[in-house]
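Geometric and topological summary
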Amino acid sequence: MRIDVVTIFPELLEGPLGTSIIGRAVEGGLVEFGVHDIRIHGLGRHRSVDDYPYGGGAGMVMRPEPLFAAIQPLRTAGATVVLMDPAGERLTDQLARALAGSSHLALVCGRYEGVDERVRTLVDREVSIGDYVLTGGELPALVLIDTVVRLVPGVIAEASHEGDSFASGLLEYPQYTRPEVFEGLPVPPVLLSGHHGEVDRWRRREALRRTLERRPDLLDTADLSDADQATLAKLRRTSMADPPR
Ligand code: ADE
């Protein structure tokens, strides 16, 4: 997979793209990044990339010429051009999986108060990472990259994302590692039992419990079996304050 990023702050991306799982994916040849500085296409002696909004108002708007010059060469067959924008479609696990199916993404990071509206004619989709406004699209682009790259085959063990929160439509079950007792808090005995069937049933129940308590809205669309529905009915009858067993 190739991911290009168009930005006026290439240095914001360097650390995260070279570190941890993403850095390893690059070293392993699974993902390739290109970071493109918009300012090299800036106008005049000051390489200006922004200007005052027509009609007046606060803030600056990114001019179309430098952005067009940076984006046009990336619009090749098979590329998906994405503008990071708070007005875009919301990034979800489902959208991340769809984008991970593309072999070439080009992410455009806006800055200031926004980009000239005509830039939208160059993009295939617009993505928001949530209902809050950041100072620019760089951190949202990194969020999108992180969630997409971990889904690229070979980057992490497939089994690690099958059980992800959201992949099955539910939040993830609680996880424990050593020691068996920490600060008086024991690991649930079933996890030490070696009974895989019981462990699986416990995990499913706790995923359902957590989702019911924290994100009941997810239950409307989750993939639930008859056994899950029975578990949920039982959980609803018992106190929601019960600690996991
Ligand atoms: N740029 C500024 N805020 C953003 C957001 N929430 N999502 C995507 N891009 C943005």
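Coordinates for the structure precede this section.
What this report covers is the structure whose coordinates are included nearby. Keep in mind that what you see is a predicted model, and the values were worked out from it rather than measured. Residue numbers here run from 1 along each chain, matching the order of that chain's written sequence. Local features are withheld for residues below a pLDDT of 70 in this predicted model, meaning they are given only at 70 or higher, and side-chain atom pairs are given and counted only at 80 or more; totals for whole chains, interfaces and linings count all residues. Hydrogens and water molecules were not included; the side-chain quantities draw on all heavy atoms of the structure.

**Examining the packing of helix α1 (residues 11-18) against helix α2 (residues 20-27)**
Throughout, an axis means a line fitted to C-alpha atoms (over the contacting stretch in the case of helices), and angles, computed between N-to-C directions, take values from 0 to 180 degrees. In DSSP terms, a helix is any run of H or I states spanning at least four residues, a strand is any run of E spanning at least two, and both are numbered starting from the N terminus. α2 packs onto α1 with a crossing angle of 80 degrees between their chain directions and a minimal axis gap of 5 Å. Considering their axes alone, α1 and α2 lie roughly perpendicular with respect to each other. Mapping the contact onto sequence places Pro16, Leu17 and Gly18 in α1 and Ser20, Ile22, Gly23 and Val26 in α2. Polarity classes work like this: nonpolar for Ala, Val, Leu, Ile, Met, Phe, Trp, Tyr, Cys and Pro, charged for Asp, Glu, Lys and Arg, and polar for all others, with Gly in that last group. Broken down by class, the residue content of the contact of α1 with α2 amounts to four nonpolar, three polar and no charged. Note on terminology: angles under 35 degrees are roughly parallel, angles over 145 are roughly antiparallel, angles of 65 to 115 are roughly perpendicular, and the others are oblique. Contact criterion: two residues are considered in contact whenever any of their non-hydrogen atoms come within 4.5 Å of each other.

**Points about the side chain of Asp116**
Counting through the fold element by element, Asp116 comes out in the loop between β6 (104-109) and β7 (125-128). Note on classification: 1.4 Å probe, protein chains only; a residue is buried when its accessible area is under 20% of the maximum for its type, exposed when over 50%, partly exposed between these limits. With a relative accessible area of 14%, Asp116 lands in the buried category. Ignoring anything within four residues of it in the chain, the contact list for Asp116 reads Val61, Met62, Arg63 and Pro64.

**Here we look at helix α8 (residues 226-237)**
Relative to the 16 Å expected for 12 residues at 1.5 Å per residue, α8 spans 17 Å between its end C-alpha atoms, a close match to the ideal helical length. For α8, every residue scored as buried is listed here: Asp228, Leu232 and Leu235. End-on view of α8: buried residues confined to an arc of 60 degrees, all on one side of the axis. Along α8, exposed side chains directed more than 90 degrees from the buried face belong to Asp226, Ala227, Lys234 and Arg237. Structurally, α8 contributes buried residues whose contacts are with α7 (196-214). Helix span, as expected, comes to 1.5 Å for every residue beyond the first. Here the arc refers to the directions that run from the helix axis out to each C-beta atom.

**Things to note about the sheet that holds β6**
When DSSP finds two or more bridges between a pair of strands, those strands are recorded as paired. As summarised here, the arrangement of the five strands in space is β2-β1-β6-β5-β7, forming an open sheet in which the pairing is parallel. Sheet topology places β2 (32-37) and β7 at the edges, where each strand pairs with a single neighbour. Across the sheet, the mean angle from the axis of one strand to that of its neighbour is 30 degrees, orientation sign disregarded. Where strand β1 (residues 2-7) meets β2, six bridges bridge the pair, whose relative direction is parallel. Each residue of the ladder has a partner; that of Ile3, found in β2, is Phe33. Against the sheet, helix α4 (residues 93-100) makes contact with β5 (79-90), β6 and β7, and its axis sits at roughly 140 degrees relative to β7, the strand it touches most.

**Here we look at the pattern of salt bridges**
Only one rule defines a salt bridge in this text: a Lys or Arg side-chain nitrogen within 4 Å of an Asp or Glu carboxyl oxygen. Applying the stated criterion across every chain yields a total of 16 salt bridges. We note a salt bridge from Arg63 to Asp51, for which the minimum N-O separation is 3.1 Å. One end of the pair, Arg63, is in the loop between β4 (61-62) and α3 (64-71); the other, Asp51, is in strand β3 (residues 50-51), and 12 residues separate them in sequence. Judged by its relative accessible area of 25%, Arg63 is partly exposed. Residue Glu117 pairs with Arg120 through a salt bridge whose shortest N-O separation is 3.1 Å. Linked by salt bridges that have partners in common, Asp85, Glu117, Arg120 and Glu126 make up one network.

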